[in-house]
Amino acid sequence: MLLRNSLWNVTGSALPAIAALASVPLLIAALGVEGFGIVTIVSSIVGYFAVLDVNLSAGAMKYLAETHAAGDRRRFAETFWFGTFFYGALGLVGATAIFFGAHWLTIHLFDLPVSSRAAAVLALKIGAVGFALTQAQNYLIVVPQALQRYDRSAQSEAFFGVVVNVISVLAALAGGGIAGVIAARVVVSLLNVLYLLILVNNLDVDLRFCWPRKEVRKALTSFSAYAYLSKVAATMHQHGDKLIIGALAGPVALTFYTVPATLAGRILGLTYRLSSVIYPRASALAGSKRMHELRPIYLGAMRYVTYINVIALGVIVLAGDEFLRHWVGEEFVAQGYPVLVIMTVASLVDSLTNIPSMVNDALGHPRISGRFALARGIFGVGLVYLGVTTAGIVGASIAHLITAIVMSGLFVMYVHGRTIPISLRDVMRKGAGRSLLIGMLIFGLLFPIKYWIPRDLTNTLLIVSAAILTLAYAGFHYVVSVDERARLFAIARRLRSQ
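Residues numbered from 1 in each chain as written. Predicted model: local features only at pLDDT ≥ 70, side-chain atom pairs only at ≥ 80, totals over all residues. Heavy atoms only, no water.

**Student:** Just checking my understanding: could you explain the overall build of the chain for this structure?
**Tutor:** From N to C terminus, the chain includes 19 helices and zero strands. Buried positions account for 54% of the 498 residues belonging to the chain. Pairs at least 24 residues apart make up 84% of the contacts formed inside the chain by residues separated by at least 6 positions. Total accessible area on the chain stands at roughly 21800 Å², and carbon and sulfur atoms take up 67% of it. (Helix = DSSP H or I, 4+ residues; strand = E, 2+ residues; numbered from the N terminus. Buried < 20%, exposed > 50% of the residue type's maximum accessible area, 1.4 Å probe, protein only. Contact = heavy atoms within 4.5 Å. Areas by Shrake-Rupley, 256 points an atom, 1.4 Å probe, with all protein chains shown as cover.)

Next comes the structure, spelled out in structure tokens:
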């Protein structure tokens, strides 16, 4: 079940990720480098207002999963309605603040060309409506995921994730400009919310209205108060660097940073979706008193997801320059490839905390991950500011890497054996450590070859193919366990005998 949910969850993110990557060169061609940078600034401002969200969705997913597993229908409904009231109010407050602050936010914080200021202000006012819709969208998708119905949530995410990128490109090509692109995205968000309302209503759960009792409100707000720290840190991580670069270096430099950073984030974001299904699963195990089942699930997830992340990292490093050259043009290789490599390594290090932080929260310790995440966010934003002022966009990416190594290492060492009942030694021997060692050995041998052969598309495809085949062979023999290999061989024999 966990594997099936992981595959569905990846599907829900993979198709939009492909559509997003495909849309980037088209948007740059239609809007220009500067226009694309301004769209990024507007999106980042709207995204940064998510700091108003106390991350109630994390608590809602935990308690929806627990109460559903325990068969407590009333508490399930109370949890749902409390979240509904909260995100409705949050969307209204945030949208109002963005709308009336649009002029100040775009004109006074960013050095935008005079010719683009009016369009940027209009786009941000339109984006204010999108903020309210996004809050509703992000909360409603939690309900099927808490029930481990990732097939339904993935269908919604895949369809609307592709549509929003297609509509954005069509709006840009039709001459809609910056405001037209943002307006198109808002329309798709509205349709997505309407679909999710129908989806949630059709799930086999009792959602008849009932006012949430004090104990339900207290449990959700108490959990979310600590999870909020993680939310703040994630928002700072996702949008803070872009706002700093936009303010200090301008929209053109922001585009040269955003494009490679988006590529790295999108690819490794897919593997995050593989691991995120463990959160409602661990919550359900805790709610139904079956904690003994957690250990093999945890170690297996760490081992496989880490190995997949290493493969993704290696492919990006080996082929990134050629991909940028054919994807968005030669000018992005010189400035963007160093950013791509550094941000990819930083993302790999960060990914080592994904499963531990989700399990830590699912077991009821969000204050730990929250405090570490907030410290990481503050530390990281400070370093990014220093990095941009001293070395531009490359300095910003180096700041991300330093932050990832320091803060991720501290977090992983702290939680194992404390809030997570599995030692770090076991994680390194039977989980992530084995995958990291094998992957790094293989890429350590293959990466120098990249600079010994002529750099063209054919040779890049050859070295990437060799890397993938070698990693697949090593993974099957050294990452996949003996019992799992035996099951795979048994399945293969049954298929041949049919």
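That covers the picture; the talk isn't over yet.
**Student:** Teacher, can you tell me more about the packing of aromatic side chains here?
**Tutor:** The description of two aromatic rings rests on the distance between their centres and on the angle between their planes. Taken as a whole and assessed by the stated rule, the structure comprises 13 aromatic pairs. Summarising the aromatic geometry, the rings of F99 and F100 are spaced 5.2 Å apart at their centres and angled 80° between planes, so their arrangement reads as edge-to-face. F99 sits in the partly exposed class, given a relative accessible area of 36%. The rings of F80, W81, F85, F86, Y87, Y139, F209 and W211 are connected pair by pair, giving a single aromatic cluster. Against the face of F99 rests K125, its NZ or CZ located 5.3 Å from the ring centre. (Phe/Tyr/Trp six-rings, centres within 6.5 Å; stacked < 30°, edge-to-face > 60°. Lys NZ or Arg CZ within 6 Å of the ring centre and 35° of its normal.)

**Student:** What's the story with the pattern of salt bridges in this structure? I'm lost.
**Tutor:** Proximity of charged atoms lets side chains of opposite charge pair with each other. According to the stated counting rule, one finds seven salt bridges in the structure shown. For R75, the salt bridge is made with E215, and the minimal N-O distance between the two is 3.3 Å. With R75 in helix α3 (residues 73–100) and E215 in helix α9 (residues 214–249), the pair connects residues that are 140 residues apart, well separated along the chain. Residue classification places E215 among the partly exposed residues on the basis of a relative accessible area of 44%. For D426, the salt bridge identified is with R295, shortest N-O distance 2.7 Å. Within this pair, whereas D426 is found in helix α16 (residues 424–430), its partner R295 is found in helix α12 (residues 294–327), the two being separated by 131 residues in sequence. Residues joined by salt bridges that share partners form a network here, namely R74, E78 and R213. (Salt bridge = Lys/Arg side-chain N within 4 Å of Asp/Glu carboxyl O.)

**Student:** Just checking my understanding: could you explain helix α18 (residues 457–479) for this structure?
**Tutor:** Since there are 3.6 residues in each turn of an α-helix, residues three or four apart along the chain are aligned in direction. For α18, with 23 residues, the first-to-last C-alpha span of 30 Å sits near the 33 Å given by 1.5 Å per residue. Within α18 the residues assigned to the buried category are N459, T460, I463, V464, A467, L471, A474, G475 and V479. Those residues of α18 that are buried are in contact with α12 and α17 (432–446). (Expected span 1.5 Å × (residues − 1).)

**Student:** Is there a simple way to think about the nonpolar core in this case?
**Tutor:** Taken as a class, soluble globular proteins show a tendency for nonpolar side chains to be buried jointly. By size, the foremost hydrophobic cluster in this structure holds 75 residues, and its most contacted members are L124, Y257, V259, L324, W327 and V328. With twelve residues, helix α1 (residues 2–48) is the largest single contributor of residues to this core. Not counting residues up to four positions away in its chain, the partners in contact with V328 are V24, P25, I28 and V259. Formed by 56 residues, the second largest nonpolar core is a distinct cluster that contains L64, L90, L147 and V186. (Core = buried A, V, L, I, M, F, W, Y, C linked by side-chain atoms within 4.5 Å.)

**Student:** For this particular structure, what's the right way to read the packing of α3 against helix α5 (residues 114–140)?
**Tutor:** The angle between the axes and the distance between the axes are what describe a pair of packed helices. The geometry of α3 relative to α5 is characterised by a closest axis approach of 8 Å and an angle of 170° between their N-to-C directions. Compared by their axis directions, α3 and α5 come out roughly antiparallel. Together, T79, F80, G83, T84, Y87, L90, G91, G94, A95, I98 and F99 of α3 and L124, K125, A128, F131, A132, Q135, Y139 and L140 of α5 make up the contact between the two elements. Among the residues forming the contact of α3 with α5, the class breakdown is twelve nonpolar, six polar and one charged. (Axes fitted to C-alpha atoms, helices over the stretch in contact; angles between N-to-C directions. Parallel < 35°, antiparallel > 145°, perpendicular 65-115°, else oblique. Nonpolar A, V, L, I, M, F, W, Y, C, P; charged D, E, K, R; others polar.)

**Student:** How should the side chain of D321 be read in this particular structure?
**Tutor:** Within the secondary structure, D321 sits in helix α12. Of the residues examined, D321 reaches a relative accessible area of 5% and is grouped as buried. Excluding residues that lie within four positions of it along the chain, D321 makes contacts with V333, Y337, K450 and R455.

**Student:** Please clarify how the environment of A65 should be interpreted in this entry.
**Tutor:** Mapped onto the secondary structure, A65 falls in helix α2 (residues 56–70). Taking the relative accessible area as the measure of exposure, A65 reaches 2% and is therefore buried. Residues in contact with A65, not counting those within four places in the same chain, are A146, P280, S283 and A284.

**Student:** What is the right way to look at the packing of helix α13 (residues 331–351) against helix α15 (residues 366–415) in this model?
**Tutor:** At a minimum axis distance of 10 Å, the contact between α13 and α15 shows a crossing angle of 10°. On the basis of the axis angle, α13 is roughly parallel to α15. Of the residues in α15, those touching α13 at Q335, P338, V339, I342, M343, V345, A346, V349 and D350 are R376, I393, V394, S397, I398, H400, L401, A404, I405 and S408. Of the residues in the contact of α13 with α15, the class split is 13 nonpolar, four polar and two charged.

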